[in-house]
Amino acid sequence: MSSLPSIPEKAESLVVCAQTHIQVLAEKIGPRPAGSVAERQSMDYLSGLLSQWGYRVQREGVAFAPTPLYNLPYLIGAAALGVAGWMSTFFPWVALALPFLLMVLPQWSRQWVQSRKPTSCSENLLAELDRSGRSSPPSLLLCAHVDTARALPLREPRLLRIYSRTMDILQRFAWMIFAVALLQAWGWQVAQGLIYAVAGLGSLGAFWLAALQLSPLVRSEELSYSPGANDNASGVGVLLAIAEQLAEREGVSNSIAFLFTTAEEGGLYGARDFICNHLDWARTTAVVCLDMVGQGDHLYYVVKEGVFKPLQTSLDLQNALRQANPSIQPLWHTLRSGDYAAFCQAGFHAIGLESGGKSLADWRYHSIYDTVDGINPQMLREVLQTVLILLENYTEKSNASLI
Ligand SMILES: [Zn+2]
């Protein structure tokens with residue numbers, strides 16, 4: 001099916017719509033922690049627009065656990081890093097295990113965060129075009145989270161730049177401690193000065209990690225949240241622009257739906273709750289999650305998540321995205337996750353889309369500086385074009401299926 005204007009022109013015209021939605025969410029409404037009044041205002045904004053465009057909107061209650069004040073696995077990791085260097089002479093196994101502990105730390109932390117008991121309530125929003133009164137599951141679900149993260153307790157951009165490389169730097173310290181311990185275990189005479197210097201670096205890194213973890217406990221009255229222009233007003237804005245465009249098109253498939261989730265930041269609670277209530281969709285519905293698609297100059301599709309027994313995303317969707325955008329690049333998430341992971345874990349054909357620079361998320365990630373001025377319109381255009389071509393290819397297929 002070919003239509004006028006061309007897809008690149010359509011994408012160009014939709015950039016302004018996406019930017020308007022990003023501005024409303026990140027600037028007019030502002031930080032949107034799960035369960036907050038601001039998040040509800042955002043869901044009202046989405047409902048109003050989607051209903052007006054002809055979508056059937058359902059808001060489904062979600063129980064979630066708010067973001068914890070500290071992260072236990074990271075505190076344990078900090079303690080191990082702090083003592084391993086000093087103990088390398090007597091208990092070398094602590095130092096030898098350290099790099100591997102730091103490697104699995106983000107994954108362990110995610111499991112810990114997701115295992116907490118829900119104590120608060122919020123809602124997801126599902127929107128479907130309802131031209132036929134059909135009640136079968138959609139074949140494609142486009143998803144983005146609405147909530148924003150707690151902001152890091154750092155105000156100084158230089159410190160935030162260091163923070164954005166924290167795990168990289170700590171991993172290097174851990175390997176240095178590992179090397180010193182290994183040399184000692186082999187019976188080499190390692191200079192005391194070198195042992196102390198390496199142990200000191202480890203302790204310094206541990207102090208930095210622990211201080212960041214514990215600061216919300218000390219300053220809990222000053223907790224602030226990120227405005228989340230990139231994370232994830234960008235994903236929501238792009239999906240709204242596409243939803244409006246689809247609604248205007250005659251004959252477009254009814255089988256595309258939009259899901260806007262809550263409490264992604266605190267442990268994917270919105271997506272996991274939605275999955276529990278729509279388990280039968282796993283056989284029929286492909287899921288594409290957009291999260292942080294407004295910064296940087298590379299567009300990525302997630303292929304794996306985690307270090308130990310990594311989750312794999314859908315190969316069919318990977319192919320479909322490469323077909324839609326030959327310059328899209330693969331990404332293996334080792335530090336972070338997203339709603340797509342909850343869908344993959346539950347057996348859905350799902351994938352995540354994300355943009356960024358060479359080192360992916362930049363220093364504004366989860367800070368008070370994730371504001372509208374950091375959004376790159378060129379990247380929005382590329383994401384819009386990629387999703388529009390994906391949808392075009394999808395509706396062209398006679399069986400209208402991506403899986
Ligand atoms: Zn996000």
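Since this is a predicted model, take the numbers as computed values, not measurements.

(A) View of the overall build of the protein. Looking only at helices and strands, the protein has 12 helices and 9 strands in total. In terms of C-alpha radius of gyration, the protein reaches 23 Å, essentially the compact-globule figure of 22 Å for 403 residues. Reported as C-alpha extents along the three principal axes, the dimensions of the protein are approximately 75 × 45 × 35 Å. For the protein, the proportion of its 403 residues judged to be buried stands at 45%.

(B) Quick peek at the packing of helix α4 (residues 92-114) against helix α6 (residues 166-185). One way to put it is that α4 packs onto α6 with a least axis distance of 8 Å and a crossing angle of 150 degrees. Between α4 and α6, the interaxial angle falls into the category roughly antiparallel. By crossing handedness, the relation of α4 to α6 is classed as left-handed. Across from P92, A95, L96, L98, P99 and L102 in α4, the residues of α6 making contact are L170, Q171, A174, W175, I177, F178, A181, L182, Q184 and A185. Partitioned by chemical class, the residues of the contact of α4 with α6 number 14 nonpolar, 2 polar and no charged.

(C) Geometry of the nonpolar core. In terms of nonpolar packing, the biggest core is built from 84 residues, with V238, L239, V287 and L384 touching the most fellow members. With 10 residues, helix α8 (residues 229-248) is the largest single contributor of residues to this core. Apart from residues lying up to four places away in sequence, V287 is in contact with L141, C143, Y340, F343, F348 and A350. By size, the runner-up hydrophobic cluster in this structure holds 19 residues, among which are L81, A95, I177 and A199.

(D) Focus on the domain arrangement of the protein. You can read the domains of the protein as domain 1 (7-68 + 119-151 + 225-396) and domain 2 (72-107 + 158-221). Relative to domain 2, the C-alpha centre of domain 1 lies at a distance of 36 Å. On the domain 2 side, the residues contacting the 10 residues of domain 1 number 8 residues. Of the residues contributing to the side of domain 1 that touches domain 2, the split by class is 6 nonpolar, 3 polar and 1 charged.

(E) Summary view of unusual backbone geometry. Geometrically, the link from D231 to N232 is a cis peptide bond, its omega value of 10 degrees lying close to zero. Considering the arrangement of structural elements, one finds N232 in helix α8. Even without glycine at this site, H366 takes up a positive phi of about 55 degrees. Along the chain, H366 turns up in the loop between β9 (349-356) and α12 (377-396).

(F) Structural detail: α8. Its 20 residues place the ends of α8 27 Å apart at the C-alpha level, agreeing with the 28 Å of an ideal helix rising 1.5 Å per residue. Judged by how many residues are buried, α8 sits mostly within the fold: 16 of 20 residues are covered.

(G) Main features of α4. In this model α4 runs 33 Å from its N-terminal to its C-terminal C-alpha over 23 residues, within 8% of the 33 Å that 1.5 Å per residue would give. Approximately 45 degrees is the largest bend angle found in α4, and it occurs at L105, with the proline P106 only one to four residues beyond. Turning to α4, its buried residues are P92, A95, L98, L102, L105, Q107, R110 and V113. Buried positions along α4 lie against α3 (72-84) and α6.

(H) Representation of the pairing of strand β2 (residues 120-129) in the model. β2 sits mainly inside the fold: 8 of its 10 residues count as buried. Bridging between strand β1 (residues 55-64) and β2 involves 10 bridges; their strand directions are antiparallel. If you follow R56 over to β2, its bridge partner there is E128. Bridge count between β2 and strand β4 (residues 256-261): 4 bridges; the pairing is antiparallel. Residue pairing in the sheet places E128 in a bridge with A257 of β4.

(I) Quick peek at the environment of L384. Within the fold, L384 resides in helix α12. On the neighbour-count criterion, L384 (27 C-beta atoms within 10 Å) is buried. As a C-alpha pair, L384 and V113 span 271 residues in sequence and 32 Å in three-dimensional space.

Reading the values: the criteria
Residues numbered from 1 in each chain as written. Predicted model: local features only at pLDDT ≥ 70, side-chain atom pairs only at ≥ 80, totals over all residues. Helix = DSSP H or I, 4+ residues; strand = E, 2+ residues; numbered from the N terminus. Rg over C-alpha atoms; globule rule 2.2 N^0.38 Å. Buried ≥ 20, exposed ≤ 12 C-beta atoms within 10 Å, placed from the backbone. Axes fitted to C-alpha atoms, helices over the stretch in contact; angles between N-to-C directions. Parallel < 35°, antiparallel > 145°, perpendicular 65-115°, else oblique. Left-handed = near helix turned anticlockwise from the far one by under 90°. Contact = placed C-beta atoms within 7 Å. Nonpolar A, V, L, I, M, F, W, Y, C, P; charged D, E, K, R; others polar. Core = buried A, V, L, I, M, F, W, Y, C linked by C-beta atoms within 7 Å. Domains from an automatic or database assignment. Expected span 1.5 Å × (residues − 1). Bend = angle between axes of the 7 residues up to and from the residue. Pairing = 2+ DSSP bridges.

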